[in-house]
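Reading the structure
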Amino acid sequence: MLDHGAAPPVEESATRKTSALGALTRRKPVEQLVAEGGQGEGGSLRRSLSMWQLTMISIGATLGTGIFVVLGDAVPKAGPAVTVAFVIAGLTALFSALSYAELAGTIPVAGSSYSYAYATMGELVAWVCGWCLVLEYGVSVAAVAVGWGEYLNELLDGTIGVTIPDVLSSAPGEGGVINLPGLIVVLLAMVFLLGGARESAVVNTIMVFVKIAALVLFCAIGFMGFKSGNYADFMPLGMAGVSAAGASLFFSYIGFDAASTAGEEAKDPKRDLPRAIMLSLLIVTVLYVLVAAVAVGAWNWKDFDGSEATLAAIMNDVSGQKFWGTLLAAGAVISIASVVLTVLYGQTRVLFAMSRDGLVPKVFGKVNAKTGTPRVNTVLVSLFCGALASVVPLGKLVDATSIGTLFAFALVNIAVIVLRRSRPTMDRTFRVPLGWTFPILGFVFCVYNMFSLDAVTWAVFGCWMAAGLVFYFLYGMRRSRLATAASAASAEK
């Protein structure tokens, strides 16, 4: 005899499964994302940034530790072909930058790729993307801060003849107890950010001009020691070495997307964000390739292994005096500090957007009515990044940052395709050329670079993602504003 009472529980079970799947794939309408722009708990962000300031934010977030510090780690992997590695990393960034430019002009909000994913691929993917951005911005702030300490020591040695002892300037495991300079520069950036976005942008613009001048000076001095013989063995470790270096050097391009996190503080975001992203990437790429070419021409590639404050050391060697290296170190101290400032800014705005959506605690979305900034958010993020910078070695931070960023960029390329299919008639102030070709290439390049990173980096990334998913299922999934709105609507029926 059939048990007719067994069917309802099966239907109920199927309904629950459908409901759970719907919760994971629920999307936030583009119109709602844009309408909520700038709104926070207790106040609103202020639209005060011009296209020029947005460009300087992107350059400020990108141009720094990658060329001043990470170059010294990449050359031993690729040899003179490090210039090719920069091009590979730059192409990866270019394809993704085109996708960012289209989405930033279409969905001009603070959440960057997190918000783009929320509008196109659903809440779970958006959370994963946002969690990757926390890794990208938060950990890269720490990595940049560690690199800042190396050039600070070079500057102190060249000016007053003393350096900060290793016990206070190196992470545990590298001969120290705490990296005090790394902590200090993060806290200084925090102070500037608490003053307001416009005020921080002015400080950043000055720093960007200083860093460009420092790199142009390096090229001028370094070229005097150029030896063509240094390029004789162009690819000593083969393409595998170039790929490994390219994956690490992708860290050098992280930050061009920082302008997209300022979507709710830009005066004309639909017009200015795409322009700022593309212009900043062009300027940065030209400088990177030029500096790398001069550096390898001035030094044999084997001499880079184990070097610190590499560019300053090359200038001292070529000129035969410490003055030029000290001058470059001064420029590097200022310029790397601007990276800390702008990337820290980006991190706070991503968490601001996630808080507004209910996926992280409300404290990250509170805005100070007087300054128009998320003050508590800024303090909490700064303390977290400062703690990382003070105890974690640079190399581990660089690779962890790269893999999180590559994953987020891969999702942005997919988001462009999804949004074009789902909303083909939307107003777009910029469109990636050649249809889906560039977004697909951007996705492929990101995945290629991810698999060039070592197993330890993948293990760290896996643990980070696992922790993020646990947080989402225990907290964000239930507290999501879309979830609470759906529950309220169901209760009214």
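Note that the coordinates shown come from a computational prediction; the quantities given were computed from them, not determined experimentally.

Moving on, we come to the overall build of the protein chain. The secondary structure content of the protein chain amounts to 19 helices and two strands. Out of the 493 residues belonging to the protein chain, those deemed buried represent 58%. Sequence separation of at least 24 residues holds for 84% of the intrachain contacts in the protein chain that already meet a minimum separation of 6.

Right, let's get into helix α18 (residues 455–479). Over its 25 residues, α18 extends 35 Å from the first C-alpha to the last, a length consistent with the 36 Å expected when each residue adds 1.5 Å. Taking the largest bend as the criterion, α18 deviates by roughly 50 degrees, centred on Y472. Where α18 is concerned, the buried positions are T457, F461, W464, M465, G468, Y472, G476 and M477.

F68, V82, F218 and L311 are the most contacted members of the largest nonpolar core, which has 141 residues in total. Setting aside residues no more than four positions away along its own chain, F68 makes contact with Y151, A214, L215, T310, L311, L328, A332, S335 and I336.

Taken as a whole and judged by the stated rule, the model has 20 aromatic pairs. With centroids separated by 6.2 Å and ring planes inclined at 70 degrees, the aromatic side chains of Y100 and Y116 adopt a geometry described as edge-to-face. Of the two residues, Y100 is situated in helix α5 (residues 82–106) and Y116 in helix α6 (residues 113–120); the sequence distance between them amounts to 16 residues. Just as Y100 is buried, Y116 falls in that class too. The interplanar angle of 75 degrees and the centroid separation of 5.0 Å between the aromatic rings of F323 and W324 together place this pair among those described as edge-to-face. On the accessibility criterion, F323 (48% relative accessible area) is partly exposed. Residue class for W324 comes out partly exposed when judged on its relative accessible area of 26%.

A few words now on the packing of helix α7 (residues 123–159) against helix α14 (residues 322–356). Where α7 meets α14, the closest approach of the two axes is 8 Å, and the angle between their N-to-C directions is 160 degrees. If you check the angle between α7 and α14, you find them roughly antiparallel. The two elements α7 and α14 cross, and the hand of that crossing is left-handed. Residue composition of the contact of α7 with α14, grouped by class: 25 nonpolar, nine polar and three charged.

A few words on unusual backbone geometry. Phi is positive for L434, close to 60 degrees, though the residue is something other than glycine. Checked against the element boundaries, L434 lands in the loop between α16 (394–422) and α17 (437–450).

On to the environment of G182. Summarising the element assignment, G182 is placed in helix α9 (residues 180–194). Sequence-wise, G182 and A389 are 207 residues apart; in three dimensions their C-alpha atoms are separated by 5.3 Å. With residues up to four places along the chain from it excluded, the contact list for G182 reads A145 and A389.

Here the focus is the environment of V141. Secondary-structure assignment places V141 in helix α7. You can call V141 buried: its relative accessible area is 0%. In sequence terms V141 and F384 are 243 residues apart; their C-alpha atoms lie 10.0 Å from each other. Excluding anything up to four places from it in sequence, V141 contacts V186, V340, V343, L344 and C385.

Together, V167, L168, V177, L180, I184 and L188 line one region of the surface with nonpolar side chains, adding up to about 480 Å² of accessible area. At the level of elements, α8 (166–169) and α9 are the ones that each hand at least two residues to the nonpolar patch. The leading source of residues in the nonpolar patch is α9, at three residues. When you line up the elements, V177 lands in the loop between α8 and α9.

In helix packing, the relevant descriptors are the interaxial angle and the interaxial distance, both defined with respect to the helix axes. Where α5 meets helix α12 (residues 269–298), the axes come as close as 9 Å, and the angle between the chain directions of the two elements is 175 degrees. Classified by the angle their axes make, α5 and α12 are roughly antiparallel.

Looking now at the confidence of the model for the protein chain. Summarising the model, the protein chain shows a mean pLDDT of 77, and 84% of its residues fall at 70 or more. Here residues 1–18 is modelled with pLDDT under 50, and outside its nearest four sequence neighbours on either side it reaches zero contacts, counting other chains as well.

Criteria and cut-off values
Residues numbered from 1 in each chain as written. Predicted model: local features only at pLDDT ≥ 70, side-chain atom pairs only at ≥ 80, totals over all residues. Heavy atoms only, no water. Helix = DSSP H or I, 4+ residues; strand = E, 2+ residues; numbered from the N terminus. Buried < 20%, exposed > 50% of the residue type's maximum accessible area, 1.4 Å probe, protein only. Contact = heavy atoms within 4.5 Å. Expected span 1.5 Å × (residues − 1). Bend = angle between axes of the 7 residues up to and from the residue. Core = buried A, V, L, I, M, F, W, Y, C linked by side-chain atoms within 4.5 Å. Phe/Tyr/Trp six-rings, centres within 6.5 Å; stacked < 30°, edge-to-face > 60°. Axes fitted to C-alpha atoms, helices over the stretch in contact; angles between N-to-C directions. Parallel < 35°, antiparallel > 145°, perpendicular 65-115°, else oblique. Left-handed = near helix turned anticlockwise from the far one by under 90°. Nonpolar A, V, L, I, M, F, W, Y, C, P; charged D, E, K, R; others polar. Patch = residues over 30% accessible without salt bridge, like charges linked within 9 Å, V, L, I, M, F, W, Y side chains within 5 Å. Areas by Shrake-Rupley, 256 points an atom, 1.4 Å probe, with all protein chains shown as cover. Salt bridge = Lys/Arg side-chain N within 4 Å of Asp/Glu carboxyl O. pLDDT = per-residue confidence, 0-100.

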